[in-house]
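Survey of secondary and tertiary structure
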Protein chains: 6
Amino acid sequence: MFSVTVRDHMMIAHSFRGEVFGPAQRLHGATFVVDATFRRPDLDADGIVVDIGLATEQLRAVLSELTYRNLDDEPAFAGVNTTTEVLARTVADRLVDRVHAGELGAGARDLTGITITLHESHIAWASYERSL
Amino acid sequence: MFSVTVRDHMMIAHSFRGEVFGPAQRLHGATFVVDATFRRPDLDADGIVVDIGLATEQLRAVLSELTYRNLDDEPAFAGVNTTTEVLARTVADRLVDRVHAGELGAGARDLTGITITLHESHIAWASYERSL
Amino acid sequence: MFSVTVRDHMMIAHSFRGEVFGPAQRLHGATFVVDATFRRPDLDADGIVVDIGLATEQLRAVLSELTYRNLDDEPAFAGVNTTTEVLARTVADRLVDRVHAGELGAGARDLTGITITLHESHIAWASYERSL
Amino acid sequence: MFSVTVRDHMMIAHSFRGEVFGPAQRLHGATFVVDATFRRPDLDADGIVVDIGLATEQLRAVLSELTYRNLDDEPAFAGVNTTTEVLARTVADRLVDRVHAGELGAGARDLTGITITLHESHIAWASYERSL
Amino acid sequence: MFSVTVRDHMMIAHSFRGEVFGPAQRLHGATFVVDATFRRPDLDADGIVVDIGLATEQLRAVLSELTYRNLDDEPAFAGVNTTTEVLARTVADRLVDRVHAGELGAGARDLTGITITLHESHIAWASYERSL
Amino acid sequence: MFSVTVRDHMMIAHSFRGEVFGPAQRLHGATFVVDATFRRPDLDADGIVVDIGLATEQLRAVLSELTYRNLDDEPAFAGVNTTTEVLARTVADRLVDRVHAGELGAGARDLTGITITLHESHIAWASYERSL
């Protein structure tokens, strides 16, 4: 199995509902360093998993819809805690939509899986892994 | 599949028996930067894999039983080489015991796997992965 | 010259005023991974720059006054852009106040300088360096 | 499942054929920080996955056949784009050959998998995973 | 003293002349992860050292003149070993030229120093520091 | 001012005397990831600060006298706490001795400073800086 990973980041504000979150129930924020991993069992004719230029560009496009925002005000997250786990799934699902829409190139149709990892600090991160 | 990882560390002395270990047969030591990864297929009602506060606290509790010690003197490791691999399994098993004892919260009963990675330097690390 | 550095982090929301900040004028947030460096020309009788336990504890105390908050609502920052640079100075000044108050131990009276570095992402960080 | 990883690097020149590569069609170069991960379900009698000294030595031997070279001139890569993905597979396959030749020691016959990750920058890396 | 650092990278081919370079006399390559640090004693009215957007953009512009090239073919380096040290100075000098040309904004006229660090691997890096 | 840094590591056991050290008064251990930085104002005729091959080799030689040992048993440290700070000075002084003995090459006579940084974990490190 082959994989390629590209890294970018986003900087957001949000708050959580639920006693389990303690002081994070207050409005605060986070930098998420985001790793997007693309997987497939074989390489294409060029010897690659995915066009890394398009992968970088499309990850940036997905993150640009989230970064520099207060996620508490985003309709897409109404009634949802925007935990690191939930955001990892959101980024993965939106990236998969872009794969299906052809925005990562024709070769990306052979991708079989995507993993998104969001690093929230030097001591905590979360991942969501799904198939295509 | 979702996962959450928290990082902590321990600083121990030990020695190894067996020619394969070369100079590491002498009493020496290591800092292990420890990553504990918790996995489950779905999120709970709060949108999380595990209460990250409890996960951090319980990882620290497990490491506090090992850190600042000479492992050659610990009864738990009598007759065992405390290699990075063995210590990864020890930390994983003890953390799973705490999950089963309810110390990571009721939601942790839906965890399906744990991976422990011990970084012994910038150029070497070991992992142990198990199900719950 | 000797130095010792300890690392911790904080997670805050804020917004900036000024066209130079572009989309960061919107309410957003950041994780700041914070490195506090303590300097002195000679070691004390124990062979250390500072009691690293106290240094870690006092850095945490300073960050606990800032983390999990919307800095736009903090009176201490009224009329001030809480840029990475400004926050580095704030952390440094508050830590120096604690040194002077004796909270880092008697030996800390021989510290001659402090540098605070705030990492806002994997590709950007800022520092403030001052003498004591 | 247990794993052990060792890290080394290589510094090579190369160029790519195919419009997908854009400016990387020109002769350029890369440092690849290489992580070699060895996997097996159980530890050997010494409590290890593999002799880490031999693993380090054999990874270095594999990389020494590639580093400080222009890969465009290497017969082994004639007609092949030496992408990060292709090089990850090359390193993995050559390391497996060495396992089979006994150069990682008798205990290495119980290895069940190898993953090679090549980091080409702080924001991009690729992996190849195979069984033995 | 305040500083701000931004990180980017370049991927180049080159070779060295001189026995001190051993196998690096052959055509090979490197990824240089580049940190550009800007210094000044006081912040501007916005509370910043430099417009980080412009700093990032201008560092990228400087690196775009070097990346994806064989530096042995660049007239600017005729007769010069393009060591990590020399390239650090080149990037610093070209960035200072851009500061003086006003491309980092009017506020950048108060910068007093720049340091460029080039990381050539996980175990080696070089810096060049100069005043403005 | 130019600098070049190389990284290596050592793994030692030791204990401390003094109440300030708390649980670290017990026999324990550490991995120290060691960065050795060499400084000089101008480059030599080859365009380098120091022969990086020799620098790496001599740092390794210095660390080989310390690694895989219990420092409590080393005569060189009798009556001395082998804190991270003290060990940084020891490595620096021994490396300077080797510079003066010509073991880093003739060009190394123009070095003006050395800094040694010992990373004891992902959240703590210490440095010692001296002139030559």
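Residues numbered from 1 in each chain as written. Chains lettered and ligands numbered in written order. Predicted model: local features only at pLDDT ≥ 70, side-chain atom pairs only at ≥ 80, totals over all residues. Heavy atoms only, no water.

1. Considering the packing of aromatic side chains
All told, the structure shown has 12 aromatic pairs over all chains when counted by the stated rule. With 4.7 Å between their ring centres and 40° between their planes, Phe-16 of chain B and Phe-21 of chain B make a pair best called tilted. Residues Phe-16 of chain B and Phe-21 of chain B agree in their burial class; the two are buried. With a centroid separation of 4.5 Å and 35° between ring planes, the pair formed by Tyr-128 of chain E and Phe-2 of chain F is classed as tilted. Taken together, the positions of Tyr-128 of chain E in strand E5 (residues 124-131) and Phe-2 of chain F in strand E1 (residues 2-14) put the pair across two chains. Of the two residues examined, Tyr-128 of chain E and Phe-2 of chain F, each falls in the buried class. (Phe/Tyr/Trp six-rings, centres within 6.5 Å; stacked < 30°, edge-to-face > 60°. Buried < 20%, exposed > 50% of the residue type's maximum accessible area, 1.4 Å probe, protein only. Helix = DSSP H or I, 4+ residues; strand = E, 2+ residues; numbered from the N terminus.)

2. Comments concerning the interface of chain A and chain C
Each side of the interface is counted separately: chain A has 23 residues, and chain C has 23 residues. Both sides of the chain A and chain C interface together cover about 1,900 Å² of buried area, and 64% of this is carbon and sulfur. Our count for the chain A to chain C interface comes out at zero salt bridges. Summed over the shared surface of chain A and chain C, the result is 11 residue pairs in polar contact (both at pLDDT 80 or more). Elements supplying a minimum of two residues to the side of chain A that touches chain C: strand E1 (2-14), strand E2 (28-40), strand E3 (69-70) and strand E4 (113-121) of chain A. For the side of chain A that touches chain C, a count of residues per class yields 10 nonpolar, eight polar and five charged. (Contact = heavy atoms within 4.5 Å. Buried area = accessible area lost by both parts, 1.4 Å probe. Salt bridge = Lys/Arg side-chain N within 4 Å of Asp/Glu carboxyl O. Polar contact = N/O pair within 3.5 Å; in protein donor to acceptor, adjacent residues only side chain to side chain. Nonpolar A, V, L, I, M, F, W, Y, C, P; charged D, E, K, R; others polar.)

3. Focus: the relation of the copies chain A and chain C
For the pair chain A and chain C, the superposition axis carries a translation of 0.0 Å, the fit reaches an RMSD of 0.0 Å, and the rotation angle comes to 180°. When the rotation and shift are considered jointly, the pair of chain copies conforms to a two-fold rotation axis. A share of 100% of the interface residues of chain A reappears at the interface of chain C, consistent with the copies meeting face to face through the same patch. (Least-squares fit on C-alpha atoms with pLDDT ≥ 70 in both.)

4. With respect to the pattern of salt bridges
If you walk through the whole model with that rule in mind, you get 54 salt bridges over all chains. The closest approach of N and O atoms between Arg-39 of chain C and Glu-129 of chain C, which form a salt bridge, is 3.8 Å. Taken together, the residues Arg-39 of chain C in strand E2 (residues 28-40) and Glu-129 of chain C in strand E4 (residues 124-131) connect sequence positions 90 residues apart. Residue classification places Arg-39 of chain C among the buried residues on the basis of a relative accessible area of 18%. Note that Asp-110 of chain C and Arg-40 of chain C form a salt bridge whose closest N and O atoms lie 3.5 Å from each other. Residue Asp-110 of chain C is found in the loop between helix H2 (84-100) and strand E3 (113-121), and its partner Arg-40 of chain C is found in strand E2; the two are separated by 70 residues along the sequence. Linked by salt bridges that have partners in common, Glu-65, Arg-94, Arg-98 and Glu-103 of chain A make up one network.

5. Here's the deal with the environment of Asp-72 of chain C
Residue and element names in this part refer to chain C. The residue Asp-72 is located in the loop between helix H1 (52-64) and H2 in this model. Here Asp-72 falls in the partly exposed class, since its relative accessible area comes to 36%. When the C-alpha atoms of Asp-72 and Ala-13 are compared, they prove to be 7.6 Å apart, with 59 residues separating the residues in sequence. Sequence-distant contacts of Asp-72, that is, excluding residues within four places in its chain, are made with Ala-13, His-14, Ser-15 and Leu-27. Among the polar contacts made by the side chain of Asp-72, one reaches the side chain of Ser-15 at a distance of 2.6 Å.

6. Some details on the pairing of strand E1 (residues 2-14) of chain B
Counting buried residues in E1 of chain B gives 12 out of 13 residues, a clear majority hidden from the surface. Bridge count for strand E5 (residues 124-131) of chain A against E1 of chain B is five bridges, and the pairing is antiparallel. Bridging across to E1 of chain B, Ala-124 of chain A finds its partner in Val-6 of chain B. Where E1 of chain B lies against strand E2 (residues 28-40) of chain B, 13 bridges are found, and the strand directions are antiparallel. Bridge assignment links Val-6 of chain B to a residue of E2 of chain B, and that residue is Ala-36 of chain B. Two elements, E1 of chain B and strand E3 (residues 69-70) of chain B, share two bridges in a ladder whose sense is parallel. (Pairing = 2+ DSSP bridges.)

7. Observations concerning the confidence of the model for chain A
Low-confidence regions, as indicated by low pLDDT, have predicted coordinates that should not be scrutinised in detail. Across chain A, the average pLDDT comes to 97, with 100% of residues at 70 or higher. Across the assembled chains, the prediction reports ipTM 0.97 with pTM 0.98. (pLDDT = per-residue confidence, 0-100.)

8. Some words on the packing of helix H1 (residues 52-64) of chain F against helix H2 (residues 84-100) of chain F
All names here are of chain F. Packing of H1 against H2 brings their axes to within 10 Å, and their N-to-C directions diverge by 130°. On the basis of the axis angle, H1 is oblique to H2. As H1 runs across H2, the sense of the crossing is right-handed. Taken together, the residues of H2 that come into contact with H1 (itself represented by Gln-58, Leu-59, Ala-61, Val-62 and Leu-63) are Val-91, Arg-94, Leu-95 and Arg-98. For the contact of H1 with H2, the per-class residue count stands at six nonpolar, one polar and two charged. (Axes fitted to C-alpha atoms, helices over the stretch in contact; angles between N-to-C directions. Parallel < 35°, antiparallel > 145°, perpendicular 65-115°, else oblique. Left-handed = near helix turned anticlockwise from the far one by under 90°.)

9. Structural notes on the pairing of strand E2 (residues 28-40) of chain D
All names here are of chain D. Across the 13 residues that make up E2, a large majority, 13, are buried. Bridge count between E2 and strand E4 (residues 113-121): seven bridges; the pairing is antiparallel. Following the sheet pairing, Val-33 is matched in E4 by His-119.

10. Section: H1 of chain F
All names here are of chain F. Here H1 spans 18 Å end to end across 13 residues, near enough to the 18 Å set by a 1.5 Å rise per residue. Summarising the contacts, the buried residues of H1 are in contact with E1, strand E2 (28-40) and H2. Of the residues that open H1, the one with a side-chain oxygen 2.9 Å from the backbone nitrogen of Gly-53 is Asp-51. (Expected span 1.5 Å × (residues − 1).)

11. Examining the environment of Glu-19 of chain D
Residues and elements named next belong to chain D. Mapped onto the elements of the fold, Glu-19 is located in the loop between strand E1 (2-14) and E2. Overall, the relative accessible area of 76% leaves Glu-19 in the exposed class. C-alpha of Glu-19 to C-alpha of Ala-92: the two residues are 73 residues apart in sequence and 27 Å apart in space.

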